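A look at the structure
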Amino acid sequence: MTGSGYAHPEALVPTEWLARHLDDGTIRVVEVDEDTTAYEQGHIPGAVGWNWTTDLHSRVGRDYTDRDGVEHLLRAAGVEDDTTVVLYGGNNNWFAAYAYWLMRLRGFEPVKLLDGGRKKWELEGRELTEEVMDYQHSGYRLAGPEHPEVRALRDEVLAKAEVFAKPGSDAVLVDVRSPAEFRGEALAPAHLPQEQAQVPGHIPGAVNIPWSQAANDDGTFRSADELRALYGGQGVESEREVIAYCRIGERSAHTWFALTELLGFPHVKNYDGSWTEYGSLVRAPVALGA
């Protein structure tokens with residue numbers, strides 16, 4: 001397993017470890033990518049693919065799939081009571097972290113991230129296959145309770161807006177989008193359509209720490225000391241309540257993982273409504289610039 005001084009090193013597995021355990025019947029590898037066609041073009045042997053737009057989201061309304069939906073995904077992947085799910089994806093695992101956060105929200109505990117994800121696996125020249133896996137469905141049932149404490153909803157963010165803006169507050173809001181999005185010069189990452197939210201900008205009082213700064217060039221997470229310096233340099237510390245947001249919640253899930261699993265911060269939430277929701281609210285306070 002990976003170390004680097006993390007609070008919960010068991011939340012990550014290195015590529016070397018996974019390569020040795022691909023034939024382990026108690027391991028199920030799942031790929032979740034921004035590019036929903038990536039799995040078909042080649043994936044880690046034995047992996048199943050989850051489409052974040054259809055598998056992770058409710059078919060009606062803007063919300064995630066519920067516990068029944070998560071159970072269906074896990075059963076279709078052949079997950080049993082003794083199975084550990086290892087998630088991975090492209091672009092520093094941003095959508096794999098999104099799926100990880102959802103699994104934890106819905107109460108699925110035996111889940112890990114592949115450190116470095118697809119990027120590191122490919123950089124090392126490891127095997128990819130186009131074979132689509134079709135496992136026998138299991139009868140798996142979620143045993144643990146949901147964890148709503150990892151999620152921030154609109155009303156909570158609005159209620160605490162004044163708190164976030166006060167110097168010395170015991171709560172801190174982390175905007176993990178690019179500086180251009182934070183300043184209000186863009187509504188989405190450069191490679192995506194500039195749409196969805198009605199107005200640009202950021203939530204007043206938020207600090208801007210782009211999510212990708214938590215990763216090394218090979219997609220792996222930076223060490224615990226480096227992460228503490230990155231976040232602590234802007235006042236994001238373990239004794240404070242932290243809410244992270246981005247545009248739709250996937251980049252902020254990556255930051256939630258770094259703060260919760262790697263640094264062990266006890267009070268971190270992902271505001272998955274993020275700027276797509278907040279930037280469309282009537283009369284919500286908005287700030288522009290740095």
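The coordinates are above.
These remarks concern the structure in this document. (Residues numbered from 1 in each chain as written. Predicted model: local features only at pLDDT ≥ 70, side-chain atom pairs only at ≥ 80, totals over all residues. Heavy atoms only, no water.)

1. A few points about the nonpolar core
Rule in force here: Buried Ala, Val, Leu, Ile, Met, Phe, Trp, Tyr and Cys residues form a nonpolar core when they are joined through side-chain atoms within 4.5 Å. A 1.4 Å probe rolled over the protein chains alone gives each residue an accessible area, and that area as a share of the maximum for its type sets the label: buried under 20%, exposed over 50%, partly exposed in between. Secondary structure elements are defined from DSSP: runs of H or I of at least 4 residues count as helices, runs of E of at least 2 residues count as strands, and each element is numbered from the N terminus.
With 61 residues, the main nonpolar core has Trp50, Leu74, Leu87, Tyr231 and Val236 as its most contacted residues. When contributions to this core are tallied by element, the ones reaching two or more residues are α3 (67-76), β4 (84-88), α4 (94-105), β5 (111-114), β7 (171-175), α9 (224-232), β9 (241-245) and α10 (250-262). Sort the elements by how many residues they give to this core and α4 lands first, with 11 residues. Grouped together as the second largest cluster of nonpolar side chains are 16 residues, Val157, Ile203, Ala206 and Trp275 included.

2. Comments concerning the pairing of strand β2 (residues 27-31)
Counted only if it meets this: Two strands are said to pair when DSSP picks up at least two bridges between them.
With five of five residues buried, β2 is to be regarded as a mostly interior element. Neither face of β2 is exposed, since Ile27, Val29 and Glu31 on one face and Arg28 and Val30 on the opposite face are all buried. Summarising the sheet, β2 and β4 pair through five bridges and their orientation is parallel. Looking across to β4, one finds that Arg28 is bridged to Val85.

3. Some words on α3
Note the threshold: Each polar contact in these results corresponds to two N or O atoms within 3.5 Å; when the atoms are within protein, one needs to be able to donate a hydrogen and the other to accept it, and residues that are neighboring in sequence are counted only if both atoms are side-chain atoms.
Along α3, the residues that are buried comprise Gly69, Val70, Glu71, Leu73 and Leu74. Where α3 starts, the residue carrying a side-chain oxygen 3.2 Å from the main-chain nitrogen of Asp68 turns out to be Asp66. Directly after α3, the chain includes Gly78, whose backbone phi takes a positive value near 75°.

4. What to know about the packing of aromatic side chains
Here is the rule we go by: Centres within 6.5 Å are what make two rings of Phe, Tyr or Trp a pair, Trp counting through its six-membered ring; a difference in plane orientation under 30 degrees is then read as stacked, over 60 as edge-to-face, and the rest as tilted. Any Lys NZ or Arg CZ that is within 6 Å of a ring centre and within 35 degrees of that ring's normal is treated as a charge sitting over the ring.
The final tally for this structure, using the stated rule, is 13 aromatic pairs. Here the aromatic rings of Tyr64 and Trp101 are separated by 5.3 Å at their centres, their planes lie at 70°, and the arrangement is edge-to-face. Here Tyr64, found in the loop between β3 (48-49) and α3, pairs with Trp101, found in helix α4; they are 37 residues apart in sequence, far enough to count as distant. On the basis of relative accessibility, which here comes to 0%, the residue Trp101 falls in the buried class. Cation over ring: Arg28 sits above Tyr135, and NZ or CZ is 3.6 Å from the ring centre.

5. Quick word on the environment of His147
As a reminder, the rule being used: Here, residues are in contact when the closest pair of their heavy atoms is within 4.5 Å.
Structurally, His147 is set in the loop between α5 (117-123) and β6 (151-152). Taking the C-alpha atoms as reference, His147 lies 21 Å from Cys246; in sequence the two are 99 residues apart. With near-sequence residues (within four places) excluded, His147 lies in contact with Arg104, Leu105, Gly107 and Glu109. Engagement of the side chain of His147 in a polar contact is seen with the side chain of Glu109, the distance being 2.8 Å.

6. Some details on the side chain of Asp272
Relative to the assigned elements, Asp272 resides in the loop between β10 (268-271) and α11 (274-278). Looking at Asp272, the relative accessible area reads 8%, which means it is buried. Each residue touching Asp272, except ones within four places of it in the same chain, is listed here: Arg62, Tyr64, Trp101, Arg151, Ala152, Ile248 and Gly249.

7. Let's talk about the sheet that holds β2
Note the threshold: Working convention: axes come from line fits to C-alpha atoms, limited for helices to the stretch in contact. Angles between N-to-C directions cover 0 to 180 degrees.
Reading across the sheet, the five strands line up as β1-β5-β4-β2-β3 and stay open at both edges, with parallel pairing between neighbours. Of all the strands in the sheet, just β1 (12-13) and β3 have a single pairing partner and so form its edges. Where α4 meets the sheet, it contacts β4 and β5, and its direction lies at approximately 170° from that of β5.

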